[in-house]
Amino acid sequence: MNQDIQDYFTDPEEIIKKCSEVLQFQKQHRRRLLSYLLQSTKKFYTARSELKRMTELCQKQHKQLKEYQKIVKNLESQLGQSKQASPFNVPISPGSHLSPSFIQTTPTYKRTAKSTPYNLPYQSNLVTPSRISKQRATFTPLSQRSNTSNGITSTVCTPPTPESGYKNFLKNL
């Protein structure tokens, strides 16, 4: 039998039940579609407001940049005018190779090299507290007292030299 004809012989409750299921499905689908469209429009409006805010910020910064460029031009022109009027004008630039004479001259004094006991090769393997106390005990005659620093006293121990008993110092190590 044909489907159209069969519908006439079916129970009306079954037809209503099928129609109700179709309507329920369409209702749920509409609800989901509507919520999606609402979320999309909210995102669109927030993005649009953010775009407006960013556009205004860019315009504001562009205006500030123009103002700063004007200020820089004014300062450069003032600097150019002050260079022409200044008697102490010394142009120093990487390409001009002109610099003040005091920069080009080398110092005329030279420090003479003094021979110190530190120029000698290192003899000891380790410095231990016992060796330090032996040094202080053995070489107290070589120490010097200084009273020239506003009442602050300090003791300076000079390192041994071959003339002052360097061999004895090595024996004590």
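Here the residue numbering is sequential within each chain, running from 1 through the sequence in written order. pLDDT decides what is reported in this predicted model: residues at 70 or higher carry local features, side-chain atom pairs at 80 or more are listed and counted, and totals for whole chains, interfaces and linings draw on all residues regardless. Calculated side-chain values reflect all of the structure's heavy atoms, with hydrogen atoms and water omitted.

**Some thoughts on the overall build of the chain**
Let me state the cut-off plainly: For helices the rule is a DSSP run of H or I covering at least 4 residues; for strands it is a run of E covering at least 2, with both sets numbered from the N terminus onward. Only protein chains enter the accessibility calculation, which uses a 1.4 Å probe; a residue is then buried when its area is under 20% of its type maximum, exposed when over 50%, and partly exposed in between. All accessible-area figures derive from a Shrake-Rupley calculation using a 1.4 Å probe, and residue coverage is judged against the displayed protein chains alone.
Scanning the chain from terminus to terminus reveals 5 helices and 2 strands. In sequence order, the secondary structure elements of the chain are arranged as α-α-α-α-β-β-α. For the chain, the proportion of its 173 residues judged to be buried stands at 4%. Carbon and sulfur atoms provide 58% of the accessible area of the chain, an area that totals close to 16,800 Å².

**Quick word on a nonpolar patch on the surface**
Defined as follows: Distance thresholds for patches are 9 Å for like charges and 5 Å for nonpolar side chains (Val, Leu, Ile, Met, Phe, Trp, Tyr), applied to residues having over 30% relative accessible area and no salt bridge. Salt bridge, as applied in this entry: a Lys or Arg side-chain nitrogen positioned within 4 Å of an Asp or Glu carboxyl oxygen.
Among the surface-exposed residues, Met1, Ile5, Tyr8 and Phe9 lie close enough to one another that they form a single nonpolar patch of about 590 Å² accessible area. By the element assignment, methionine 1 lies in the segment before α1 (3–9).

**Let's talk about the packing of aromatic side chains**
Quick reminder of the rule: Pairing of aromatic rings covers Phe, Tyr and the six-membered ring of Trp, with a centre-to-centre limit of 6.5 Å; geometry is then stacked below 30 degrees between planes, edge-to-face above 60, and tilted otherwise.
With the rule as written, the count across this model stands at 1 aromatic pair. Between phenylalanine 44 and tyrosine 45, the ring centres sit 5.4 Å apart and the planes meet at 65 degrees, which makes this aromatic pair edge-to-face.

**Brief notes about the confidence of the model for the chain**
Rules: Think of pLDDT as the predictor's per-residue confidence, scored from 0 to 100. Here a residue-residue contact requires only that any non-hydrogen atoms of the pair lie within 4.5 Å.
Taken as a whole, the chain shows an average pLDDT of 75; of its residues, 48% reach a score of 70 or greater. Mean pLDDT per element in the chain: helix α3 (residues 101–104) is the minimum at 50, and helix α2 (residues 12–85) is the maximum at 94. For residues 137–143, every residue scores under 50 in pLDDT, and the model assigns this stretch 10 contacts once sequence neighbours within four places are set aside.

**Focus on the pattern of salt bridges**
Counted under the stated rule, the structure contains 1 salt bridge. Taking the shortest distance from any N to any O, the salt bridge between glutamate 50 and arginine 53 comes out at 2.7 Å. Of this pair, glutamate 50 and arginine 53 are both found in helix α2, 3 residues apart, which corresponds to roughly one turn of the helix. Here glutamate 50 falls in the partly exposed class, since its relative accessible area comes to 36%. For arginine 53, a relative accessible area of 44% corresponds to the partly exposed category.

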